[in-house]
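If you want the building blocks of each chain, they are given just below.
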Amino acid sequence: MFLTPEDFAAVVRTTPLVAIDLIVENEAGEFLLGKRNNRPAQGYWFVPGGRIQKDEPLSAAFARLTEAELGLRLPMSAARFHGVWQHFYDDNFSGDAFSTHYVVLGFRLRVNAQALALPDAQHNDYRWLTPQALLAAEQVHDNSRAYFQAEQRAEAPGL
């Protein structure tokens, strides 16, 4: 289901969005980051991912997002669940004065970097960084850094 920009703005203004983030590791133990084209987090380095659509099963969303973000359609079984996270932003896609709130399901997966066909719709550049390098880099968004800092996890005890 596709929403008009006005309807989507109403959703973002009033509810949290549910998304999947892909914490993608290559053979060298480096992680994929893209420089964001769009709000929120525009201009920051961020892990690939995207929203789950209404009435879309989680497995279908995962396959759709891996294809859209990595150029490689993968099943959820190719990844390991990494936890539930919360992302809060002061801005939103429209540039109007309201915040964006995501509840994010993180999935960690290892790939052959040569097999990826990285698109330019959401990111205008890509790089692979070690956990130490991405934690130290100022332009890596805090929400992506959090995947490498266990104390930032938002999951409930027992999950």
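It should be noted that the structure appears before, not after, this text.
What counts and how
- Residues numbered from 1 in each chain as written.
- Predicted model: local features only at pLDDT ≥ 70, side-chain atom pairs only at ≥ 80, totals over all residues.
- Heavy atoms only, no water.
- Buried < 20%, exposed > 50% of the residue type's maximum accessible area, 1.4 Å probe, protein only.
- Helix = DSSP H or I, 4+ residues; strand = E, 2+ residues; numbered from the N terminus.
- Arc of directions from axis to C-beta.
- Contact = heavy atoms within 4.5 Å.
- Salt bridge = Lys/Arg side-chain N within 4 Å of Asp/Glu carboxyl O.
- 1 Å grid on protein atoms, 1.4 Å probe; cavity = no way out; pocket = protein on both sides within 12 Å on 5 of 7 lines; lining within 4 Å.
- Points joined across faces, edges and corners; volume = space filled by probe spheres on them.
- Nonpolar A, V, L, I, M, F, W, Y, C, P; charged D, E, K, R; others polar.
- Expected span 1.5 Å × (residues − 1).
- Pairing = 2+ DSSP bridges.

Trainee: How would you summarise helix 1 (residues 5-14) if you had to cite specific residues and measurements?
Mentor: Listed in full, the buried residues belonging to helix 1 are Phe-8, Ala-9 and Val-12. Looking straight down helix 1, one finds its buried side chains confined to an arc of 105°; they lie on one side. The exposed residues of helix 1 that point more than 90 degrees off its buried face are Glu-6 and Thr-14. Residues of helix 1 that are buried sit in contact with strand 1 (17-25), strand 4 (49-51) and strand 6 (100-110).

Trainee: Hey, could you go over the pattern of salt bridges for me, with residue numbers and the actual values?
Mentor: Where charged atoms of side chains with opposite charge meet at close range, the side chains can pair. Within this structure, the stated rule accounts for seven salt bridges. Between Arg-108 and Glu-25 there is a salt bridge whose closest N-O contact spans 3.4 Å. Taken together, the residues Arg-108 in strand 6 and Glu-25 in strand 1 connect sequence positions 83 residues apart. In this structure Arg-108 comes out as partly exposed when scored by relative accessible area, which is 25%. Asp-142 is the salt-bridge partner of Arg-145, the closest N and O atoms lying 2.5 Å from each other. Of this pair, Arg-145 and Asp-142 both sit in helix 4 (residues 142-145), three residues apart, roughly one helical turn. Looking at Asp-142, the relative accessible area reads 53%, which means it is exposed. One salt-bridge network, in which partners are shared between bridges, spans Glu-25, Arg-108 and Arg-110.

Trainee: Lay out the layout of surface pockets with the relevant residues and their values.
Mentor: Approximately 1,000 Å³ is the volume found for the largest pocket. Lining the largest pocket are 40 residues, and of these Phe-8, Leu-17, Gly-50, Arg-51 and Tyr-102 lie nearest its centre. Partitioning the lining of the largest pocket into residue classes produces 24 nonpolar, nine polar and seven charged.

Trainee: Explain helix 2 (residues 58-70) to me, and be specific about the residues and the numbers.
Mentor: Taking 1.5 Å per residue, 13 residues should reach 18 Å; helix 2 reaches 17 Å between its end C-alpha atoms and fits that length. Listed in full, the buried residues belonging to helix 2 are Ala-61, Phe-62, Ala-63, Leu-65, Thr-66, Glu-69 and Leu-70. Those residues of helix 2 that are buried lie in contact with strand 1, strand 2 (31-36), strand 4, strand 5 (79-89), strand 6 and strand 7 (123-129). Following helix 2 by one or two positions, Gly-71 adopts a phi angle in the positive range, close to 75°.

Trainee: Explain the pairing of strand 1 to me, and be specific about the residues and the numbers.
Mentor: Most of strand 1 is tucked away: eight of the nine residues are buried. In terms of strand pairing, strand 1 meets strand 6 through nine bridges, oriented parallel. By the bridge assignment, Leu-22 is partnered in strand 6 with Phe-107. By the bridge criterion, three bridges tie strand 1 to strand 4 in an arrangement that is antiparallel. The residue of strand 4 that forms the bridge with Ile-20 is Gly-50.

Structural measurements only, silent on function.
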